[in-house]
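Descriptive analysis of the structure
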Amino acid sequence: QVQLQESGGGLVQAGGSLRLSCAASGRTFRDYATGWFRQVPGTEREFVAAISGGDGTTFYAESVKARFTISRDNAKKTVHLQMNSLKPEDTAVYYCAAKYSSSSYYVERSDYRYWGQGTQVTVSS
């Protein structure tokens with residue numbers, strides 16, 4: 001069983017940066033693939049970025065590529081999402097998700113078993 005807790009959300013002006021963190025409980029985190037998703041009220045939760053367990057291969061949605069960076073610290077059982085050059089359309093609740101897998105990353109919501117409660121990111125124009 002893994003529990004996830006996001007932090008680091010807030011209000012920022014367009015062009016600014018935020019760093020989200022996802023802290024995981026449990027004994028071994030390095031074998032969990034982890035992803036970030038975001039959701040605007042009234043819309044579906046969408047994929048943002050993912051990182052595999054094992055070798056830490058990353059993958060990004062086109063809308064955030066070159067602006068966002070996902071990384072993990074296995075010793076601290078934490079995954080980060082560094083968000084630069086933020087735009088108003090990045091405003092959403094951001095969720096961290098995890099799945100036991102040391103071999104791949106995942107981009108579908110249905111692939112993930114564990115979810116955090118979310119953290120609000122608001123980008124003002």
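Whatever comes next refers back to the structure up there.
Attention here is on the structure that accompanies the text. (Residues numbered from 1 in each chain as written. Predicted model: local features only at pLDDT ≥ 70, side-chain atom pairs only at ≥ 80, totals over all residues. Heavy atoms only, no water.)

1. Some thoughts on the state of the cysteines
- Within the structure shown, the criterion is met by one disulfide.
- Paired by a disulfide, Cys22 and Cys96 hold their sulfur atoms 2.0 Å apart. Taking the sign of the torsion about the S-S bond as the criterion, the disulfide between Cys22 and Cys96, at about -75 degrees, is left-handed. Here Cys96 lies in strand 9 (residues 92-100) and Cys22 lies in strand 3 (residues 18-24), a separation of 74 residues in the sequence. For the pair shown, Cys22 and Cys96 are each scored as buried. (Disulfide = S-S within 2.5 Å. Helix = DSSP H or I, 4+ residues; strand = E, 2+ residues; numbered from the N terminus. Buried < 20%, exposed > 50% of the residue type's maximum accessible area, 1.4 Å probe, protein only.)

2. Focus on the pattern of salt bridges
- Counted by the stated rule, this structure contains five salt bridges.
- Taking the shortest distance from any N to any O, the salt bridge between Glu44 and Arg109 comes out at 3.7 Å. Separated by 65 residues along the polypeptide, Glu44 in the loop between strand 4 (32-39) and strand 5 (46-51) and Arg109 in the loop between strand 9 and strand 10 (114-115) bring together distant segments of the chain.
- Accessibility expressed as a relative area gives 59% for Glu44, which makes it exposed.
- One salt bridge connects Lys65 with Glu62, and the closest N-O pair in it is separated by 2.7 Å.
- Among the ionic contacts, a cluster of salt bridges with common partners joins Arg38, Glu46, Arg67 and Asp90. (Salt bridge = Lys/Arg side-chain N within 4 Å of Asp/Glu carboxyl O.)

3. What about the packing of aromatic side chains?
- Applying the stated criterion across every chain, the model contains ten aromatic pairs.
- Relative to Tyr32, the ring of Phe29 lies with its centre 6.3 Å away and its plane at 15 degrees, an arrangement referred to as stacked.
- The class of Tyr32 is buried, set by a relative accessible area of 12%.
- Arranged with centres 5.7 Å apart and planes meeting at 75 degrees, the rings of Phe37 and Phe47 form a pair that is edge-to-face. A residue pair is termed long-range when its members are at least 10 positions apart, and Phe37 in strand 4 and Phe47 in strand 5 qualify at ten residues.
- Using a relative accessible area of 1% as the deciding quantity, one classes Phe37 as buried.
- Its relative accessible area of 15% is what places Phe47 among the buried residues.
- Every member of this aromatic cluster is reached through a ring pair, and the members are Phe37, Phe47, Phe59, Tyr105, Tyr106, Tyr112 and Trp115. (Phe/Tyr/Trp six-rings, centres within 6.5 Å; stacked < 30°, edge-to-face > 60°.)

4. What about unusual backbone geometry?
- Positive phi, close to 75 degrees, is recorded for Ala66, a residue that is not glycine.
- Non-glycine residue Lys77 carries a positive phi angle of around 55 degrees.
- Take Lys77: it is sitting in the loop between strand 7 (68-73) and strand 8 (78-83).

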